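Letter by letter, the chains look like this.
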Amino acid sequence: MLHTTLCDLLGIEIPIIQASLGPWSTPKLTAAVSNSGAIGSLGTVLLTPGAIRAQVRRIRELTDRPFVVNFSQRSFSEDGFAAALIASVPVISFAHGDPRQLPRRAHEAGALFIQVVKTVREAREAADRGVDAIIAQGTESSGGGGTVTSLCLLPQVAQAVAPLPVIGAGGVADGRGLAVALMLGAQGVSVGTRFVASTEAGISEAWRRRIVEAESEDAVRMSCVGQSVGAIREVLPVADIVRRTVGDAVATLCGARSFVRPVGPPRTARGFIESKPETNARTATRVVARR
Ligand SMILES: Cc1cc2nc3c(=O)[nH]c(=O)nc-3n(C[C@H](O)[C@H](O)[C@H](O)COP(=O)(O)O)c2cc1C
């Protein structure tokens with residue numbers, strides 16, 4: 001099983017956040033993800049304050065676990081935000097803008113606050129605002145991912161705001177992606193497109209079919225899917241997506257040891273790493289002593 005500081009912060013078992021899917025992140029999907037041990041997010045785009053209250057109530061009927069309510073600067077409603085705080089939601093996430101005083105208000109209401117960023121500068125600014133965790137969203141993501149890839153953004157953000165927990169987003173659709181994000185310094189991942197192709201997502205059958213039939217390059221031609229779309233071949237229940245993602249991440253992390261083959265003990269503390277192809281064609285790591 002995987003366990004990170006993000007699990008401790010959010011009170012969850014699995015370091016996976018189901019990202020907001022706007023109008024398609026229904027209470028059913030949010031609760032199913034939280035019931036799996038990860039954490040679901042309710043999107044508030046297009047929701048009135050009354051609808052936010054009703055959907056939060058519905059989530060609580062379906063799960064007693066923590067969940068996230070997501071807001072975006074692009075469609076921010078002060079009344080909607082206030083409704084979420086009055087409903088004592090456990091976690092707020094915020095995307096596409098400076099959160100200003102929102103983290104402080106969330107904290108006063110007893111909620112945690114997670115900020116979505118697309119650059120290192122945004123990450124530093126969010127840290128200064130007192131957020132509890134940061135989602136570093138690469139350009140591979142389906143919506144508003146900025147211009148920097150996850151591979152490059154994630155380690156830079158993790159270094160810039162340490163020890164604040166950082167969550168990788170954009171392009172993660174399976175356990176290999178989760179494993180890589182952890183290796184790059186993340187404490188978990190935020191996943192959107194993979195959860196669109198779940199049985200619980202509130203989308204049409206035609207859309208589900210298009211996702212599982214899409215090829216790697218099709219993301220640019222399809223709206224509301226990320227570049228991971230070509231890796232998604234099955235519509236699955238949320239519980240299976242989460243279970244497989246964790247299992248594959250653990251297998252990937254354990255398997256990574258096969259790439260490392262120390263050759264003899266390093267002779268001095270000043271040893272350095274030399275990487276060279278071995279006869280079995282696998283790249284091994286050789287520890288040699290500097291003269
Ligand atoms: C169908 C769909 C709708 C989305 N709607 C929103 C939204 O309303 N607000 C938002 O901040 N992000 C939205 N996103 C972006 C996700 O929250 C998340 O950041 C992104 O999906 C992560 O990248 P991935 O799709 O590669 O996993 C949406 C993503 C998808 C796939």
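Summarised in this report is the structure supplied together with it. From a predicted model like this one, the values you see are computed outputs, not experimental measurements.

Quick word on the packing of helix 8 (residues 175-183) against helix 11 (residues 238-255)
Part 1: Direction vectors running N to C along helix 8 and helix 11 enclose 55°, while the axes themselves pass 7 Å from each other. The orientation of helix 8 relative to helix 11 falls into the category oblique. For helix 8 against helix 11, the interelement crossing comes out right-handed. Along the contact surface, helix 8 presents G175, R176, L178, A179, L182 and M183, while helix 11 presents T245, D248, A249, T252 and L253.
Part 2: Residues belonging to the contact of helix 8 with helix 11 are distributed by class as follows: 6 nonpolar, 3 polar and 2 charged.

Some remarks on unusual backbone geometry
Part 1: Look at the link from A162 to P163: it is a cis peptide, with omega at 10°.
Part 2: As for its position among the elements, P163 is in the loop between helix 7 (150-161) and strand 7 (166-169).
Part 3: Positive phi outside glycine occurs at S88, with the angle close to 55°.
Part 4: Mapped onto the secondary structure, S88 falls in the loop between helix 4 (78-86) and strand 4 (91-95).
Part 5: Residue classification places S88 among the partly exposed residues on the basis of a relative accessible area of 43%.

Overview of the environment of I211
Part 1: Locating I211 in the fold gives a position in helix 10 (residues 205-213).
Part 2: A residue is classified by how much of its surface remains accessible, and I211, at 0% relative accessible area, is buried.
Part 3: Excluding residues within four positions of it along the chain, I211 makes contact with V196, A197, M222, V225, V229, I232 and R233.

Re helix 6 (residues 120-128)
Part 1: Listed as buried for helix 6 are V120, A123 and A126. The buried residues of helix 6 occupy one face: seen down the axis, they fall within an arc of 120°. Exposed residues lying more than 90 degrees from the buried face of helix 6 are R121 and D128.
Part 2: Buried residues in helix 6 make contact with strand 5 (112-117), strand 6 (133-137) and helix 7.

Observations regarding the packing of aromatic side chains
Any pair of aromatic rings gets described here by the distance separating the centres and the angle formed by the planes.
Part 1: For the structure on display, the rule yields 6 aromatic pairs.
Part 2: Summarising the aromatic geometry, the rings of F94 and F113 are spaced 6.3 Å apart at their centres and angled 40° between planes, so their arrangement reads as tilted. With F94 in strand 4 and F113 in strand 5, the pair connects residues that are 19 residues apart, well separated along the chain. Each member of the pair, F94 together with F113, is buried.
Part 3: In textbook terms, an aromatic cluster arises when at least three aromatic residues are bridged by ring pairs, as seen for F71, F76, F81, F94 and F113.

Focus: the sheet that holds strand 8 (residues 188-191)
Part 1: Spatially, 8 strands are ordered 1-8-7-6-5-4-3-2 in an open sheet, and the strand pairing comes out parallel. Here the strands that pair on one side only, and so sit at the sheet edges, are strand 1 (16-18) and strand 2 (41-43). Strand-to-strand twist across the sheet, computed as the mean angle between neighbouring axes with direction ignored, equals 25°.
Part 2: Pairing of strand 4 with strand 5, which is carried by 4 bridges, proceeds in the parallel orientation. Bridge assignment links F94 to a residue of strand 5, and that residue is Q115.

A word on helix 11
Part 1: With 18 residues, helix 11 extends 25 Å between its outermost C-alpha atoms, agreeing within 8% with the 26 Å of an ideal straight helix rising 1.5 Å per residue.
Part 2: Where helix 11 is concerned, the buried positions are V238, I241, V242, T245, V246 and A249. Taken down its axis, helix 11 places every buried residue within 125° of arc, on the same side.
Part 3: Buried residues belonging to helix 11 abut strand 1, helix 2 (27-35), helix 8 and helix 9 (193-196).

Examining the packing of helix 2 against helix 3 (residues 49-62)
Part 1: Two elements in contact, helix 2 and helix 3, have axes separated by 9 Å at closest approach and are oriented at 40°. Seen along the crossing, helix 2 lies across helix 3 with a hand that is right-handed. Residue-level contacts link P27, K28, T30, A31 and N35 of helix 2 to Q55, R58, I59 and L62 of helix 3.
Part 2: Its residues assigned to classes, the contact of helix 2 with helix 3 comprises 4 nonpolar, 3 polar and 2 charged.

What counts and what doesn't
Residues numbered from 1 in each chain as written. Predicted model: local features only at pLDDT ≥ 70, side-chain atom pairs only at ≥ 80, totals over all residues. Heavy atoms only, no water. Axes fitted to C-alpha atoms, helices over the stretch in contact; angles between N-to-C directions. Helix = DSSP H or I, 4+ residues; strand = E, 2+ residues; numbered from the N terminus. Parallel < 35°, antiparallel > 145°, perpendicular 65-115°, else oblique. Left-handed = near helix turned anticlockwise from the far one by under 90°. Contact = heavy atoms within 4.5 Å. Nonpolar A, V, L, I, M, F, W, Y, C, P; charged D, E, K, R; others polar. Buried < 20%, exposed > 50% of the residue type's maximum accessible area, 1.4 Å probe, protein only. Arc of directions from axis to C-beta. Phe/Tyr/Trp six-rings, centres within 6.5 Å; stacked < 30°, edge-to-face > 60°. Pairing = 2+ DSSP bridges. Expected span 1.5 Å × (residues − 1).

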